[in-house]
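Commentary on secondary and tertiary structure
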Amino acid sequence: MNHEQSTPPEYDRTYARIYHVAKLAINTVSTLRVNGAENIPDSPAIYAANHNTVYDPLWLALAYYEHAHQPLRFLAKKGYFDGKGIDDKGKFGRITKTLVHATGQIPVDRENGKNDGSIDAAVAALNDGSSIGIFPEGSLSVRGELSKLRSGIARIALRAENDIPIVPVAIAPKDKRFGRSVMSVTFGEPIDTTEYAKPPRKFLPELAKARLITDNLEAELAELTGYARTGKYAK
């Protein structure tokens, strides 16, 4: 059963301020083009996007907020929370650290592979009414290629208390228009995960169900982006 989407008030206020400032700044040099907004559910969902640049969370957050008027909480690498910045060498470290804490992002410890806590935190966020954004390739991929997706995203959907759809999202630059760069964010049709709670798939182990959902998502993302699937995990 779907439930109403909501986020903690402090995140709402922070996101609203950041959205207007970021949109104003971006509009001076770029154009954000959003497609498929009708595919954004009214209830909590997981938004799964391809990942080619460190700015992808910004594009997805802006596109989502523009149409849902709700914050999107991301699973983000732990280094952002520790002040290591976007390059792990301190670039924009203080700003990034402040932003991820103030907007309720969820840390992922990729280096040590300790992601159970991150999965639990993401499930809790969904149960509380938030929607979350994930880049299931796990790391940056070469533009034009789609790396093999990691199954943590499906485990999160399966463990949530309510029916949580997974929305594939394609983020890609388009040809410049009037000298301005154009970034396209396209929301695909939500993937229904409820069939995995019904026989016969109900009786499959969680990891098997998660892999099936993830493979389906990968196929949908490949079609949405037009990118070639590498069959290998991003390094």
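Heads up: the structure comes first, above all this text.
Remember, it's a predicted structure, so these values are computed and weren't measured experimentally.

**Thoughts on the sheet that holds strand 2 (residues 46–49)**
Read from one edge to the other, the open sheet built from seven strands follows the order 1-8-7-2-5-3-4, with strand pairing classed as mixed. The open sheet has two edge strands with one neighbour each: strand 1 (30–35) and strand 4 (106–108). Neighbour to neighbour, the strand axes of the sheet diverge by 25° on average, direction disregarded. When strand 7 (residues 166–177) meets strand 8 (residues 180–187), the two strands line up antiparallel, connected through seven bridges. Counterpart to Pro173 in the pairing with strand 8 is Met183. Packed on one face of the sheet, helix 2 (residues 56–68) meets strand 1, strand 2, strand 3 (72–77), strand 5 (131–134), strand 7 and strand 8 and runs near 60° to strand 1. This element, helix 6 (residues 152–159), spans strand 2, strand 3, strand 5 and strand 7 of the sheet and lies at about 170° to strand 2.

**Observations regarding the nonpolar core**
Ranked by internal contacts, the top residues of the largest apolar core, which has 30 residues, are Ile46, Leu75, Ile132, Ile156, Ile166 and Leu217. Those elements that place two or more of their residues in this core are strand 2, strand 4, helix 5 (116–127), strand 5, helix 6, strand 7 and helix 7 (206–225). Ignoring anything within four residues of it in the chain, the contact list for Ile156 reads Ile46, Leu75, Ile119, Ala122, Val123, Leu126, Ile132 and Ile134. By size, the runner-up hydrophobic cluster in this structure holds 26 residues, among which are Ala22, Tyr64, Ile171 and Met183.

**Quick look at the packing of helix 5 against helix 6**
Contact geometry of helix 5 with helix 6 gives a least axis separation of 9 Å together with a crossing angle of 45°. By the angle between their directions, the pair helix 5 and helix 6 is classed as oblique. Of the two elements, helix 5 crosses helix 6, and the hand of that crossing is right-handed. Across from Asp116, Ile119, Asp120, Ala122, Val123 and Leu126 in helix 5, the residues of helix 6 making contact are Arg155, Ile156 and Arg159.

**Brief notes about the pattern of salt bridges**
One pass over the full model with this rule turns up eight salt bridges. Salt-bridge contacts for Glu206 lead to Arg155; the nearest nitrogen and oxygen are separated by 3.8 Å. One end of the pair, Glu206, is in helix 7; the other, Arg155, is in helix 6, with 51 residues separating them in the sequence. Take Glu206: its relative accessible area is 29%, and that puts it in the partly exposed class. Note on Arg155: relative accessible area 18%, which makes it buried. Measuring nitrogen to oxygen at the nearest pair gives 2.7 Å for the salt bridge that ties Glu195 to Arg201. Residue classification places Glu195 among the partly exposed positions, given a relative accessible area of 39%. With relative accessibility at 32%, the residue Arg201 sits in the partly exposed group. When salt bridges that share partners are traced, they join Arg155, Arg159 and Glu206 into one network.

**What about the side chain of Glu218?**
Here Glu218 shows up in helix 7. Note on Glu218: relative accessible area 4%, which makes it buried. For Glu218, the side chain forms a polar contact with the side chain of Arg229, separated by 3.0 Å. Not counting residues within four places of it along the chain, the set of residues in contact with Glu218 comprises Leu146, Ser147, Lys148, Leu149, Arg211 and Arg229.

Calculation notes
Residues numbered from 1 in each chain as written. Predicted model: local features only at pLDDT ≥ 70, side-chain atom pairs only at ≥ 80, totals over all residues. Heavy atoms only, no water. Pairing = 2+ DSSP bridges. Helix = DSSP H or I, 4+ residues; strand = E, 2+ residues; numbered from the N terminus. Axes fitted to C-alpha atoms, helices over the stretch in contact; angles between N-to-C directions. Contact = heavy atoms within 4.5 Å. Core = buried A, V, L, I, M, F, W, Y, C linked by side-chain atoms within 4.5 Å. Buried < 20%, exposed > 50% of the residue type's maximum accessible area, 1.4 Å probe, protein only. Parallel < 35°, antiparallel > 145°, perpendicular 65-115°, else oblique. Left-handed = near helix turned anticlockwise from the far one by under 90°. Salt bridge = Lys/Arg side-chain N within 4 Å of Asp/Glu carboxyl O. Polar contact = N/O pair within 3.5 Å; in protein donor to acceptor, adjacent residues only side chain to side chain.

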